[in-house]
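What follows is the residue order along each chain.
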Amino acid sequence: MADILETIVARKRLEVAAQKLAIPTDMLFSMSGQRMERPVRSMRQALVASPSGIIAEFKRKSPSKGWLHPGARVDDVVPQYEVGGASACSILTDSDFFGGSFTDLQSARALVQLPLLRKDFIIDEYQLFQARTMGADAVLLIAAALKHDECRHLAQMAHALEMETLLEIHSDDELSYLNPDIDMLGVNNRNLGTFDTAVENSFRLIEKIQSRLGTGRNAPLLVSESGISDVATVQGLREAGFRGFLIGETFMKTEHPGATLKDFIERLTE
């Protein structure tokens, strides 16, 4: 079986190279105007303050499940996520594999006050400039897609652009990717090589993470990602030490994702 992450990253390198040719970095800045001066919202602080910690994701499809909600519109879903009590929103901007677009992120920024995470396969600082221009407050950095020095540089650049960083790992050896510019540490319960999912991965790694990082105020806030489908799992993860819970398919596979989220949070916090 081909490694899905390798396939995605190879395609992403071609995509970013084409984007740079079409709109060079200096042109991107000149086009962005006042959008670069927009104040950012702290996703980390939103999760700390939230009784649920739910990061609701907007995505139309995935490599493993195919189309979840092909006709989903940002203006129908994301405002309802905010009304339903989401702490933050993750917006997929990858088109080929997840059915997303830059327009989705830009539209979401114009509609809600929630912190927005640009979720994509970030491999180049150009994508960080895009994210800031389009309205992201935070960006995802995937350890398995980066070298250590690339991760450090991208995290530093994200902070220079006033965005927060969510570092995604799948195994304990990827803890070596942590650096001072990481605000949140996400454990992906989905293997990005095979896209097999097991929530047990978060429970398996939590003790190793806490023994290495401690639980102090300056430690990265812990987020569990993918494969979360029920309230009991979130409660167990919170008891274990996680404070953020990135959930997409559970909501997006339903006819009304915002209503599904609202019901989920009501049951979680009752």
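Refer to the structure presented above.
All figures in this text were calculated on a predicted structure; none of them were measured in a lab. (Residues numbered from 1 in each chain as written. Predicted model: local features only at pLDDT ≥ 70, side-chain atom pairs only at ≥ 80, totals over all residues. Heavy atoms only, no water.)

## A short note on helix H6 (residues 125-134)
Working step 1: Burial of H6 is extensive: nine of the ten residues sit out of reach of the surface.
Working step 2: What H6 keeps buried is the set Tyr126, Gln127, Leu128, Phe129, Gln130, Ala131, Arg132, Thr133 and Met134.
Working step 3: Looking at the buried residues of H6, the elements they touch are helix H1 (4-22), helix H2 (25-32), helix H5 (102-111), strand E5 (116-119), strand E6 (138-142) and helix H7 (148-160).
Working step 4: The backbone nitrogen of Tyr126 has a side-chain oxygen 2.8 Å away, supplied by the residue at the start of H6, namely Asp124.
Working step 5: One or two residues past the end of H6 sits Gly135, with phi positive at roughly 110°. (Buried < 20%, exposed > 50% of the residue type's maximum accessible area, 1.4 Å probe, protein only. Helix = DSSP H or I, 4+ residues; strand = E, 2+ residues; numbered from the N terminus. Contact = heavy atoms within 4.5 Å. Polar contact = N/O pair within 3.5 Å; in protein donor to acceptor, adjacent residues only side chain to side chain.)

## Focus on the packing of H2 against H6
Working step 1: Contact geometry of H2 with H6 gives a least axis separation of 10 Å together with a crossing angle of 5°. Taken together, the axis directions place H2 and H6 in an arrangement best described as roughly parallel. Counting all contacts with H2, which are made through Thr25, Leu28, Phe29 and Ser32, the residues of H6 involved are Tyr126, Phe129, Gln130 and Thr133.
Working step 2: Residues of the contact of H2 with H6, tallied by class, amount to four nonpolar, four polar and no charged. (Axes fitted to C-alpha atoms, helices over the stretch in contact; angles between N-to-C directions. Parallel < 35°, antiparallel > 145°, perpendicular 65-115°, else oblique. Nonpolar A, V, L, I, M, F, W, Y, C, P; charged D, E, K, R; others polar.)

## A few points about the environment of Leu261
Working step 1: When you line up the elements, Leu261 lands in helix H11 (residues 257-269).
Working step 2: Linking Leu261 and Arg38, residues 223 residues apart in sequence, is a C-alpha distance of 28 Å.
Working step 3: Not counting residues up to four positions away in its chain, the partners in contact with Leu261 are Ile54, Ala56, Gln80, Tyr81, Gly84, Ala86 and Phe251.

## What about the sheet that holds strand E7 (residues 164-169)?
Working step 1: Strand order in the closed barrel formed by eight strands is E1-E4-E5-E6-E7-E8-E9-E10, and the pairing between neighbours is parallel. Looking at each pair of strands side by side, their axes are set apart by 25° on average, direction ignored.
Working step 2: Looking at chain direction, E5 and E6 are connected through two bridges and run parallel. Looking at the pairing, Leu117 lines up with Ala138 of E6.
Working step 3: Helix H4 (residues 74-84) contacts strand E1 (54-58) and strand E4 (88-92) of the sheet and is inclined by roughly 180° relative to E1.
Working step 4: Seen against the sheet, H5 touches E1, E4 and E5 and runs at an angle of roughly 180° to E5. (Pairing = 2+ DSSP bridges.)

## Focus: the packing of aromatic side chains
Working step 1: Under the definition given, this model contains three aromatic pairs.
Working step 2: Taken together, the aromatic side chains of Tyr81, Phe251 and Phe264 make up a single cluster linked through ring pairs. (Phe/Tyr/Trp six-rings, centres within 6.5 Å; stacked < 30°, edge-to-face > 60°.)

In short, geometric facts, not functional conclusions.
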